[in-house]
Amino acid sequence: MGLNCAIDGPSGAGKSTIAKTLAQKLGFVYVDTGALYRSIGYYAVSNGADTSSAAEILPLLSEISVELKYVDGSQRVILNGEDVSDLIRTPEISMAASNVSAIPDVREFLLNLQRDIADKNDIIMDGRDIGTVILPSAEVKVFMTASAEERARRRYDELKAKGQDVVYDDILRDINQRDYNDSHRETAPLRKADDAVELDTTSMTIDEVVEKIELLITDAQKKESVPFKTIPAFRRWFYAVLRFIVWIGFSVVFNLKYEGTENLPDHGSVILAGNHRTWFDPILIAIRVKYISSYMAKAELFDHFPLNVIIRAVHGFPTRRNSADVSALTRAENMIRNGYNLTIFPEGTRSKDGKIGRAKSGVAFIASKCAVPVYPVGISFKSRLHFRSKITVRFGKPIMPDELKINSMSKTDFRAAGELIMSNIAALVDSDV
Ligand code: DC
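Draft legend 1. Main features of the pairing of strand β10 (residues 271-274). Neither face of β10 is exposed, since Ile 271 and Ala 273 on one face and Leu 272 and Gly 274 on the opposite face are all buried. As paired strands, β10 and strand β13 (residues 341-344) are joined by 3 bridges and run parallel to one another. Opposite Ala 273, over in β13, you have Ile 344 as the bridge partner. The pairing of β10 with strand β14 (residues 374-380) spans 4 bridges and is parallel. Residue pairing across strands places Leu 272 opposite Tyr 375, the latter belonging to β14.

Encoded structure:
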């Protein structure tokens, strides 16, 4: 079974544009279920049937065979062997689709087709009842809305661009009518699933919406593929207790301020990348991240007892500086694949004056090799630390693997990705430190 992402919402909320972009970006199959209802509406209209009469529509169902095909990644609807993908995009067929979709037998007729596709592929499926009826256990559910006026404007622009002669007020009226039909019908009315994330896209750009859902999907993928829970329970407990004790200790000694905690990862297997100021930076970060992290520590530290034992106990492993330490990179990769985070300081060495330096290529290499997000962290404090000094630790939005744009695993790509990561970190560091 693949990963299922259900996007429901009223007409014109931007579902199909977003779902298409996401599917292309993530290599998922995009399933536009509205096209299925449209093809039935189209067949009914072509046969002169009254689309709001169940009695007239039911006999037609036995004459209909609908299939979805994918040509160069784009969905085509095949109705009785004919590709009707373009013919079903008129306002008349929109209304016919809304009418026939209220008939329970029509919904039943299309149910298995939708479930079968979802069963076999990683899919992004948009519609009205995907999260509630078709795929109630979809890993990601989004309910996308926008004001009726904004949706009418988008539809108007879209149809105009296709050369159709349309009037804005007619579209707005149709949208209001379809909203009413779709949410007041008895069978599978349009409604948000209890566990769906609601997104009002009225004043969001396409990129913003894509980014938001992409994050939900990558989070779900991580939860599925490398469950944090595969880490033995005693390690998780030991870590939780240790983290709590250290938290109290550090909160007594310093005046700790954590910001951007809404950006914290909610699963393991991510990279946390921070600027490097003190020997206890890994602790400052770990205090607020529930999921266990591993660390790269300079090889010299492992020469001293008991430091070596302590570092190993908190999942530190040695890395030789100033060389591409292949075994450390492999170790980091394995830790991530086994559900641990990796906390890393891309500059390699500590910055005494607080200035942000350049990243070594390790962080970009691991992020792209493991295809995991990088969560930037900024650590700020003024001059020398003393008892009760204020330390601010700021968490930023994750940088997704594709944003790093590493296509060739070349030095140039790693350098550019490293710069991107460092600039995200720099944006989280106070300018006066
Ligand atoms: O998403 P769309 O505008 O192409 O959908 C056309 C009609 O089909 C819409 O008015 C409601 C109906 N529909 C539905 O009832 N359930 C779905 N899963 C998808 C669409």
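Draft legend 2. Structural view of a nonpolar patch on the surface. A cluster of nonpolar residues, Trp 237, Val 241, Phe 244, Ile 245, Ile 248, Val 252, Val 253 and Phe 387, forms a patch on the protein surface that exposes about 870 Å² of accessible area. Secondary-structure assignment places Trp 237 in helix α10 (residues 233-253). Residue classification places Trp 237 among the exposed residues on the basis of a relative accessible area of 64%.

Draft legend 3. Seen up close, the packing of helix α2 (residues 34-46) against helix α5 (residues 104-120). As a packed pair, α2 and α5 sit with axes 11 Å apart at the nearest point and diverge in direction by 135 degrees. What the angle tells us is that α2 and α5 run oblique. Every pair of crossing elements has a handedness; the one defined by α2 and α5 is right-handed. On the side of α2, the interface is formed by Leu 36, Tyr 37 and Ile 40, while α5 contributes Val 106, Arg 107, Phe 109, Leu 110, Leu 113 and Gln 114. Here the residues of the contact of α2 with α5 sort into 7 nonpolar, 1 polar and 1 charged.

Draft legend 4. Local environment of the packing of helix α14 (residues 362-370) against helix α15 (residues 411-426). The geometry of α14 relative to α15 is characterised by a closest axis approach of 8 Å and an angle of 100 degrees between their N-to-C directions. Considering the angle they form, α14 stands roughly perpendicular to α15. Seen from α14, the contacting residues are Val 363, Ala 364, Phe 365 and Ser 368; seen from α15, they are Phe 414, Ala 417, Gly 418 and Ile 421. Broken down by class, the residue content of the contact of α14 with α15 amounts to 6 nonpolar, 2 polar and no charged.

Criteria and thresholds
- Residues numbered from 1 in each chain as written.
- Predicted model: local features only at pLDDT ≥ 70, side-chain atom pairs only at ≥ 80, totals over all residues.
- Heavy atoms only, no water.
- Buried < 20%, exposed > 50% of the residue type's maximum accessible area, 1.4 Å probe, protein only.
- Helix = DSSP H or I, 4+ residues; strand = E, 2+ residues; numbered from the N terminus.
- Pairing = 2+ DSSP bridges.
- Patch = residues over 30% accessible without salt bridge, like charges linked within 9 Å, V, L, I, M, F, W, Y side chains within 5 Å.
- Areas by Shrake-Rupley, 256 points an atom, 1.4 Å probe, with all protein chains shown as cover.
- Salt bridge = Lys/Arg side-chain N within 4 Å of Asp/Glu carboxyl O.
- Axes fitted to C-alpha atoms, helices over the stretch in contact; angles between N-to-C directions.
- Parallel < 35°, antiparallel > 145°, perpendicular 65-115°, else oblique.
- Left-handed = near helix turned anticlockwise from the far one by under 90°.
- Contact = heavy atoms within 4.5 Å.
- Nonpolar A, V, L, I, M, F, W, Y, C, P; charged D, E, K, R; others polar.

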